[in-house]
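# Observations on the model geometry
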Amino acid sequence: MELLTNPFRDGSGILSLDPDVPVPSVRSDRPLDLLARCPADVQTPLLARDDLARMAGVRAVHIKDERTRMGLGSVEALGAAYAIAQDADASNSTDMGSALTGVTYVAARAGAHGLAVAMGARAFGARSVIYIPQCAPETVADRLRAKGAEVVREGGCDTDSHAAAVRASKTEGWRLLSDTSWPGYTDRPLQIMEGYLVLMEEVLTQIPVPPSHVFVQARAGGFAAACATLARRDWGAEPRIIVVEPDAPAGLGTAIQATARGSTHEPAGHGYEGASVIAMQGLARDADVFARMSEADVEDAVERLAEMGLASTPKGVSGIAALLASAPHRAALHLTSEARVLAILSEGCEI
């Protein structure tokens, strides 16, 4: 595991991006109200895991378990479901099940976000079209179709399929739902991030004592930024917020450090390769450390956690994986035997 310190956290500088890029929202009342009307919305559990605390050498570990979230089994259900529910509510329809008839949503995530878009669209009578690469397994396409999506294969990689979805949104007049943001495309990602605030509002009512450390997986960026924003709002400066990313050249931590050095950060034109700009704004303010995890270390954690009844995917466990790999970095992370850790198990095995 490699740690990247956030150069903006000590207040010595301000991340400067496009002035039209917003910071993450703390407006949680609206998603709480809308999602409370959803029959599938049930609060997910916060697990006190003394076994993980002993393994990590800390006082307490609490795991927010999203594996049953809204029948999808992933935190992404909160983001896409809320964005689509907002559209349905704005339609003033007397029949919410058909409130968005004639509307098409388009996205390009083959995993949890794509499934959430499909599920949310179907709930309100809308159509969904999900772009995936040519090489994606047919099982991925089948899962999307099972949620009601039309699947289009385009290009040889995720970047190609994402670009195709953006083009289709413009040529067909479809509503693009991306969970990352770039200059000129921030409204929808901001809505999705507001949906994620529901998770942290639940944690605030469930956790007995505020944590000293929060380990949160970056995912597409918006999820981590939403969690960090609400953590700072309610718990202030005390918790150390560690954002966990894959060990790859591109990433939020790398982009934020490059910006601090004066390098030009240019998000990709269609938003897939570049770091999410809203997430960058928020995490430059709120995150303490970015932890880059190797694929091997995360896979090892997947196996260990499955044996402990916490079966998930590499994306789902990466925050916990960083905690389990933290022994060589305890001083840098300010981890002591009295630390109280919050981590998130963000999805189940079927995503």
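See the structure printed just above.
Below or above, wherever it landed, is the structure these notes cover. (Residues numbered from 1 in each chain as written. Predicted model: local features only at pLDDT ≥ 70, side-chain atom pairs only at ≥ 80, totals over all residues. Heavy atoms only, no water.)

### Structural notes on helix 4 (residues 112–123)
- Over its 12 residues, helix 4 runs 16 Å from end to end, which matches the ideal 16 Å to within 8%, given 1.5 Å per residue.
- Of all 12 residues making up helix 4, 10 are buried, and the element is well covered by its neighbours.
- Among all positions in helix 4, only Ala-112, His-113, Gly-114, Leu-115, Ala-116, Val-117, Ala-118, Met-119, Gly-120 and Ala-121 are buried.
- With its phi angle positive at about 80°, Gly-125 sits one or two positions after the end of helix 4. (Helix = DSSP H or I, 4+ residues; strand = E, 2+ residues; numbered from the N terminus. Expected span 1.5 Å × (residues − 1). Buried < 20%, exposed > 50% of the residue type's maximum accessible area, 1.4 Å probe, protein only.)

### Remarks on the packing of aromatic side chains
- Throughout the structure, instances matching the rule amount to two aromatic pairs.
- Taken together, a centroid distance of 4.5 Å and an interplanar angle of 25° make the contact between Trp-182 and Tyr-185 stacked. As far as burial versus exposure is concerned, Trp-182 and Tyr-185 are alike and both buried.
- Measuring from centroid to centroid gives 5.6 Å for Tyr-196 and Phe-223, while their planes differ by 85°, and the two rings are edge-to-face. Taken together, the residues span a long stretch of sequence, with Tyr-196 in helix 7 (residues 187–206) and Phe-223 in helix 8 (residues 222–235) at a distance of 27 residues. Accessibility assignment for this pair places Tyr-196 and Phe-223 in one class, buried. (Phe/Tyr/Trp six-rings, centres within 6.5 Å; stacked < 30°, edge-to-face > 60°.)

### Focus: the state of the cysteines
- On inspection of all chains with the given rule, the structure shows zero disulfides.
- For Cys-135, which is in no disulfide, the shortest distance to another cysteine sulfur is to Cys-157 and amounts to 7.9 Å.
- For Cys-135, a relative accessible area of 59% corresponds to the exposed category. (Disulfide = S-S within 2.5 Å.)

### Section: the sheet that holds strand 2 (residues 46–48)
- Strand order across the open sheet formed by seven strands is 1-10-9-8-11-3-2, with mixed pairing between neighbours. The sheet terminates laterally at strand 1 (2–5) and strand 2, the two strands that pair on one side only. Neighbouring strand axes in the sheet, compared pairwise and without regard to direction, differ in orientation by 25° on average.
- When strand 8 (residues 213–217) meets strand 11 (residues 340–345), the two strands line up parallel, connected through three bridges. Bridge pairing in strand 11 links Phe-215 to Ala-343. (Pairing = 2+ DSSP bridges. Axes fitted to C-alpha atoms, helices over the stretch in contact; angles between N-to-C directions.)

### Some remarks on unusual backbone geometry
- Notably, Met-70 is not glycine yet its phi reads approximately 55°, a positive angle.
- Here Arg-219, not a glycine, exhibits a phi torsion of approximately 50°, which is positive.
- Along the polypeptide, Arg-219 turns up in the loop between strand 8 and helix 8.

### Let's talk about helix 7
- Across its 20 residues, helix 7 extends 30 Å between first and last C-alpha, which sits within 8% of the 28 Å expected from 1.5 Å per residue.
- With 16 of 20 residues buried, helix 7 is to be regarded as a mostly interior element.

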